[in-house]
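Structural characterization, general
Each chain is listed here by its residues.
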Amino acid sequence: VSFLLLSSGSIAAQELYLCVWRNPERTMTRIFPQARDYLTQTVNISQLQRKEIENRLGSALLPGQREVFQYYQMTGAEGATVGYIIAASQKGRYGAVEFVLGLDTEYRVAGIYIQRSRERENDFKDRRFLDRFLRLSLEQVEELKPLKEGASEGARAVVLGLRKELIAFRVLVL
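Another point: the nonpolar core. Among the nonpolar cores identified, the biggest contains 35 residues, and Val158 and Leu166 are the most heavily contacted of them. Elements that contribute at least two residues to this core include exactly α2 (47-57), β2 (68-75), β3 (81-91), β4 (96-103), β5 (109-116), α3 (127-130), α4 (138-142) and α5 (153-172). Here this core gets eleven residues from one element, more than from any other, and that element is α5. Excluding residues that lie within four positions of it along the chain, Val158 makes contacts with Val97, Phe99, Ile112, Ile114, Phe124, Phe129, Leu130 and Phe133. Judged by nonpolar contacts, the second largest core, of 14 residues, contains Trp21, Phe32, Val100 and Tyr113.

Moving on to the pairing of β2. On a regular strand, each side chain points to the face opposite its neighbour's, so the side chains alternate between the two faces of the sheet. Counting buried positions over the eight residues of β2 gives six, a clear majority of the element. For strand β1 (residues 37-44) and β2, the ladder comprises eight bridges, and the chain directions are antiparallel. If you follow Asp37 over to β2, its bridge partner there is Thr75. As defined by bridge partners, β2 adjoins β3 across four bridges and the pair is classed as antiparallel. Within the sheet, the bridge partner assigned to Gln73 lies in β3 and is Tyr84. Linkage of β2 to β3, two consecutive antiparallel strands, is achieved through a turn of five residues, within which Gly79 is found at a positive phi near 90°.

The next subject is the pattern of salt bridges. In this structure the tally under the stated criterion is 13 salt bridges. The partner of Glu142 in a salt bridge is Arg56, and the shortest N-O contact between them spans 2.9 Å. Of this pair, Glu142 sits in helix α4 while Arg56 sits in helix α2; the two residues are 86 residues apart in sequence, bridging distant segments of the chain. According to the relative accessible area criterion, Arg56 is partly exposed, its value standing at 27%. One salt bridge in this structure joins Arg135 and Glu106, with 3.7 Å as the shortest N-O distance. Of the two residues, Arg135 is situated in the loop between α3 and α4 and Glu106 in the loop between β4 and β5; the sequence distance between them amounts to 29 residues. A residue is classified by how much of its surface remains accessible, and Glu106, at 55% relative accessible area, is exposed. A network of salt bridges, in which partner residues are shared, links Glu52, Arg56, Glu139, Glu142 and Arg170.

Let us look at the environment of Gly111. Take Gly111: it is sitting in strand β5. On the basis of relative accessible area, Gly111 is assigned to the buried category, the value being 7%. For the pair Gly111 and Leu101, spaced ten residues apart in sequence, the C-alpha to C-alpha distance is 5.6 Å. Discounting chain neighbours no more than four positions away, the residues touching Gly111 are Ile31, Val100, Leu101, Gly102 and Leu134.

Buried within helix α1 (residues 24-31) we find Pro24, Thr27, Met28 and Ile31. For α1, the buried positions fall inside an angular range of 120° around the axis, keeping them on one side. Turned more than 90 degrees from where α1 packs its buried face, Glu25, Arg26 and Arg30 sit exposed. For α1, the elements touching its buried residues are β1, β2, β3, β4 and β5.

Criteria and cut-off values
By convention here, each chain's residues receive numbers from 1 onward along its written sequence. For a predicted model such as this one, the threshold for reporting local features is a pLDDT of at least 70, and the threshold for listing and counting side-chain atom pairs is 80 or more; totals across whole chains, interfaces and linings nevertheless cover every residue. By convention in this description, side-chain values take in all heavy atoms of the structure and omit both hydrogens and water. Working definition of a nonpolar core: buried Ala, Val, Leu, Ile, Met, Phe, Trp, Tyr and Cys residues. They are joined through side-chain atoms within 4.5 Å. Buried, partly exposed and exposed residues are distinguished by accessible area as a fraction of the type maximum, computed with a 1.4 Å probe on protein chains only: under 20%, between the cut-offs, and over 50%, respectively. Strands are runs of DSSP state E lasting at least two residues, helices are runs of H or I lasting at least four, and both sets are numbered from the N terminus onward. In this description, contact between two residues means that some pair of their heavy atoms is separated by no more than 4.5 Å. A pair of strands counts as paired when DSSP detects no fewer than two bridges linking them. Salt-bridge detection follows one rule: a side-chain nitrogen of Lys or Arg within 4 Å of a carboxyl oxygen of Asp or Glu. The arc in question is formed by the directions pointing from the helix axis toward the C-beta atoms.

Pasting the structure below:
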């Protein structure tokens, strides 16, 4: 159980965009069937790194995402790395859109699924939408353009969140 203590004048808890990977032992094989375990990796974000991420993203990081970046190193039966999982959260119209994405050892998107969302439109949960990102490299994801007018807030949140997480991974991990 974790608690979040906030002083008066700070950001309200519902305005923090943290994402918890729910049921990792049960869901890690959803993206990496060969995974047997995982290591939690936490990286502190310096002011300089934050500015670089925000400049490349073209948007500010959300509250709760500015100081620490977390990802999971997936390991196989022999203990070798088989990929990486990032549990992500991005602001949608009706709250956070939480999704989980995997990167293979060549740093290409190996899988993505929506973990939780309150959005009313569900187009962004459709496999046809999510599968558009499969096998994209970190560079290709960074170059994705924002979705056009008329796209749902959930779909926009997934694209922005995916770009944000993979830019952060490039800046902070590689």
